[in-house]
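Residue-level listing of the chains:
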Amino acid sequence: MCNQHTNTTPTRVLSVANAKAPFETTTIERRALRPDDVLIDIKFSGICHSDIHSAFDEWGGGMFPMVPGHEIAGVVEAVGQNVTKYAVGDRVGVGCFVDSCGECEYCLAGDEQYCTKGVVQTYNSLDYDGEQTYGGYSQKIVVKEGFVVRIPDALEMDVASPLLCAGITTYSPLKHWNVGPGKKVAIVGMGGLGHVAIQFAHAMGAEVTVLSRSMNKESEALSFGADHYFATSNEETFKELAGRFDVILNTVSANLEVDAYLSLLRIDGTLVNVGAPAEPDQYSVFSLIMGRRSIAGSLVGGIKETQEMLNFAAEHKIAPQIEVINASQVDEAYERVLKSDVRYRFVIDVATL
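Residues numbered from 1 in each chain as written. Predicted model: local features only at pLDDT ≥ 70, side-chain atom pairs only at ≥ 80, totals over all residues. Heavy atoms only, no water.

A. The side chain of Ser212, seen in detail. By the element assignment, Ser212 lies in strand E11 (residues 207–212). In this structure, Ser212 is in contact with Met190, Tyr229, Phe230, Ala231 and Thr232, ignoring residues within four places of it in sequence. (Helix = DSSP H or I, 4+ residues; strand = E, 2+ residues; numbered from the N terminus. Contact = heavy atoms within 4.5 Å.)

B. Broad picture of a nonpolar patch on the surface. Among the surface-exposed residues, Tyr283, Val285, Phe286, Ile289, Met290 and Ile295 lie close enough to one another that they form a single nonpolar patch of about 630 Å² accessible area. Overall, Tyr283 belongs to the partly exposed group, its relative accessible area being 44%. (Patch = residues over 30% accessible without salt bridge, like charges linked within 9 Å, V, L, I, M, F, W, Y side chains within 5 Å. Areas by Shrake-Rupley, 256 points an atom, 1.4 Å probe, with all protein chains shown as cover. Salt bridge = Lys/Arg side-chain N within 4 Å of Asp/Glu carboxyl O. Buried < 20%, exposed > 50% of the residue type's maximum accessible area, 1.4 Å probe, protein only.)

C. Spotlight on unusual backbone geometry. Geometrically, the link from Phe64 to Pro65 is a cis peptide bond, its omega value of 0° lying close to zero. Tracing the chain through its elements places Pro65 in the loop between helix H1 (49–55) and strand E4 (72–79). Residue Arg343 is joined to Tyr344 through a cis peptide bond whose omega torsion reads -10°. Mapped onto the elements of the fold, Tyr344 is located in the loop between helix H11 (330–338) and strand E17 (345–349).

D. Spatial organisation of the pairing of strand E1 (residues 9–15). Buried residues dominate E1, accounting for five of its seven residues. Here seven bridges tie E1 to strand E2 (residues 24–30), and the two strands are oriented antiparallel to one another. Within E2, the position partnered with Ser15 by the bridge is Glu24. (Pairing = 2+ DSSP bridges.)

E. Fine view of the nonpolar core. Counting 93 residues, the largest nonpolar core has Ile47, Tyr137, Ile198, Phe200 and Val330 as the members making the most contacts within it. In this structure Val330 touches Leu14, Phe23, Ile47, Tyr137, Ile325 and Ile348, once residues within four positions along its chain are discounted. Membership of the second largest hydrophobic core comes to 16 residues, among which are Val188, Phe245, Tyr261 and Leu264. (Core = buried A, V, L, I, M, F, W, Y, C linked by side-chain atoms within 4.5 Å.)

F. Molecular detail of helix H10 (residues 303–315). Along its 13 residues, H10 runs 18 Å from first to last C-alpha, staying within 8% of the 18 Å computed at 1.5 Å per residue. Of all the positions in H10, only Ile303, Glu305, Thr306, Met309, Leu310, Phe312, Ala313 and Ala314 are classed as buried. Tucked inside the fold, the buried residues of H10 contact strand E6 (97–99), strand E9 (149–150), helix H4 (166–176) and helix H5 (194–203). Looking one or two residues beyond H10, the residue adopting positive phi is Lys317, at roughly 55°. (Expected span 1.5 Å × (residues − 1).)

G. Local environment of the pattern of salt bridges. A complete count under the given rule lists 16 salt bridges for this structure. Ionic pairing is found between Arg336 and Asp341, a salt bridge with its closest N-O pair at 3.0 Å. It is possible to trace a salt-bridge network through shared partners that takes in Asp41, Lys43, Glu77 and Lys140.

H. Layout of the packing of H4 against H10. In contact at an axis separation of 10 Å, H4 and H10 are set at 100° when each is read in the N-to-C sense. Considering the angle they form, H4 stands roughly perpendicular to H10. Of H10, the residues touching H4 (which contributes Gly167, Ile168, Tyr171, Ser172 and Lys175) are Glu305, Thr306, Glu308, Met309 and Phe312. In the contact of H4 with H10, the residues fall into four nonpolar, three polar and three charged. (Axes fitted to C-alpha atoms, helices over the stretch in contact; angles between N-to-C directions. Parallel < 35°, antiparallel > 145°, perpendicular 65-115°, else oblique. Nonpolar A, V, L, I, M, F, W, Y, C, P; charged D, E, K, R; others polar.)

Below you can see the structure in the form of structure tokens.
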């Protein structure tokens, strides 16, 4: 089924005029459908901590006015004439990027996120025509077919939206570092990323330990599939767990005492960072040398892997725990995220925009 939109689409959005400005409702024009484009009627958009970093321009390079949002779940409203994968009415999602060169070795390998030309991010980015991209705090979005994924029927749309970032951000490194039966994995942090990572690591068959600042989330961690839970504020934790883990997945956006966490790794263990603090970390190289340990980072996953992650989540009944909010509550939600006052991911009901 082909439904062609030859004109631009006026779209109500939530935007910030400059760094740390309050959100306001404005209107933008989404591009007219190209032959390989999909027009999506957005139903839900998750709030990611990186949205806050970007809207506050904490990483630099902010493009304003900005429309954040890269956890997008919606329904296909129209398709370009060459689109074959999707039809009007399909349940679809869009994650952290909307284009890549399609020609470099990483794009050809399905790792579009590492495109050598530079991946086009869903917002706060320039597309290859030089036009600024605007994200999912929006009623509609136009995206190339190849950068759209299908949301399985077993996943509710509001629950699916955080998987487009929090889900793939944690699934991809767990898979890349071969997490599975016989592996001992620690998840640092029990926030929007961490509570999803626990579920994936458990479903993959690993022995899962949660490392959190205090003990107040222990029962929830165990309900998500954790086998053990320790408070990092207790100095005894680092003595008791020394040399234990094959992989530590760090999901927090604050700076850690890196050497202390490296001491928890087995020989050949890896500390993988997916949280991105604004300030640089520090560590002693001896923490690596003395155990042939590694520090690594991981950036979401490619389109094929994102679809695989959604299918895996549906099969294993993995679901982010969410709080659905109205469009008028986003400023308040940002404040609450910064206070860690959310269990565990805010999702905007775009119908309220």
